[in-house]
Amino acid sequence: PPHLKITVLANLTEHAAATLPTRRRNPWHIACVARFAPQKNLVMLLPIMQALVKKDARYTLFIAGRIEDACLYDSFCELVNVYGLSRNVVICGNLAASEMAAWYADKSFLLSTSYNESQGMGIFEGMLRGLKPVAFHASGGLAEYLPAQYLFTDLNDAVEQIAQGNLDPQQYVQEAQVLLQQHTLPEQYTAIWQ
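Residues numbered from 1 in each chain as written. Predicted model: local features only at pLDDT ≥ 70, side-chain atom pairs only at ≥ 80, totals over all residues. Heavy atoms only, no water.

Asks: Tell me about the overall build of the protein chain, and please be specific about residues and values.
Replies: Counting its regular elements, the protein chain contains eight helices and six strands. For the protein chain, the sequential pattern of α-helices and β-strands runs β-α-β-α-β-α-β-α-β-α-β-α-α-α. The buried share of the protein chain, reckoned over its 194 residues, is 44%. In the protein chain, of all internal contacts separated by at least 6 residues, the share reaching a separation of at least 24 is 74%. Of the accessible surface of the protein chain, which amounts to about 10300 Å², a share of 52% is contributed by carbon and sulfur atoms. (Helix = DSSP H or I, 4+ residues; strand = E, 2+ residues; numbered from the N terminus. Buried < 20%, exposed > 50% of the residue type's maximum accessible area, 1.4 Å probe, protein only. Contact = heavy atoms within 4.5 Å. Areas by Shrake-Rupley, 256 points an atom, 1.4 Å probe, with all protein chains shown as cover.)

Now the structure itself:
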């Protein structure tokens, strides 16, 4: 109804960098944490990667996530070949939470193309590891948390954000810690529920 007011409620978990960002970060490695499900919009990754590979063939995308939609997964794998990206897209499968910090260690960017995202906890997890976030302007809460300079609606903007590099990984660690501080929000819950 038109009188309905929507408020995004924060995740109240304490967040801290898993470990300090590493020196073995690869400037060409891009992380994507997403399950193979329609709302994750993974096919959008391919034209972005194709444009990046035209700039430099060393760009490589690593996807971590489970397969929920086998048909989507099969189509994606076929499209990887159609786009000529078989050397530039690595599907890592479902990883345990305890493995993620090590998985992020050699990556420089976190690319998200989801068209419906809540708080984007995977994005913030990557930021806490020093990855530069590049995220599609998804509905559902992400725009309320992530600063506009990390959001894109034009694929060329995503390509440009990545091509600019990740010059200061520690900046993303610090920014994520600030963005995720929600200590005062529980005090507002009573008013929000009313």
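Asks: So what's going on with the pattern of salt bridges? Which residues, and what values?
Replies: In the structure shown here, the tally under the stated rule is four salt bridges. Among the salt bridges present, the one from glutamate 68 reaches arginine 35, with a minimum N-O distance of 2.9 Å. Of this pair, glutamate 68 sits in the loop between strand E2 (60-64) and helix H2 (70-82) while arginine 35 sits in the loop between strand E1 (29-33) and helix H1 (45-55), and the two are 33 residues apart along the sequence. The partner of aspartate 56 in a salt bridge is arginine 58, with the nearest N and O atoms 2.9 Å apart. Among the residues examined, aspartate 56 registers a relative accessible area of 18% and is labelled buried. Residues participating in the shared-partner salt-bridge network are Arg35, Arg66 and Glu68. (Salt bridge = Lys/Arg side-chain N within 4 Å of Asp/Glu carboxyl O.)

Asks: I'd like a rundown of H2, residues and numbers included.
Replies: Taking 1.5 Å per residue, 13 residues should reach 18 Å; H2 reaches 18 Å between its end C-alpha atoms and fits that length. Those residues of H2 not exposed but buried are Leu72, Phe76 and Val80. Looking down the long axis of H2, one finds its buried residues gathered within 80 degrees of arc, a one-sided arrangement. The outward face of H2, more than 90 degrees from its buried face, is lined by the exposed residues Cys71 and Val82. Where the residues of H2 are buried, they touch H1, E2 and strand E3 (89-93). (Expected span 1.5 Å × (residues − 1). Arc of directions from axis to C-beta.)

Asks: An account of the environment of aspartate 106 is needed here, citing residue identities and associated values.
Replies: Mapped onto the secondary structure, aspartate 106 falls in the loop between helix H3 (100-104) and strand E4 (109-112). It is 3.9 Å that separates the C-alpha atoms of aspartate 106 and arginine 25, two residues lying 81 residues apart in sequence. Setting aside its immediate chain neighbours within four residues, aspartate 106 contacts Arg24, Arg25, Asn26 and His29. Among the polar contacts made by the side chain of aspartate 106, one reaches the side chain of lysine 107 at a distance of 2.9 Å. (Polar contact = N/O pair within 3.5 Å; in protein donor to acceptor, adjacent residues only side chain to side chain.)

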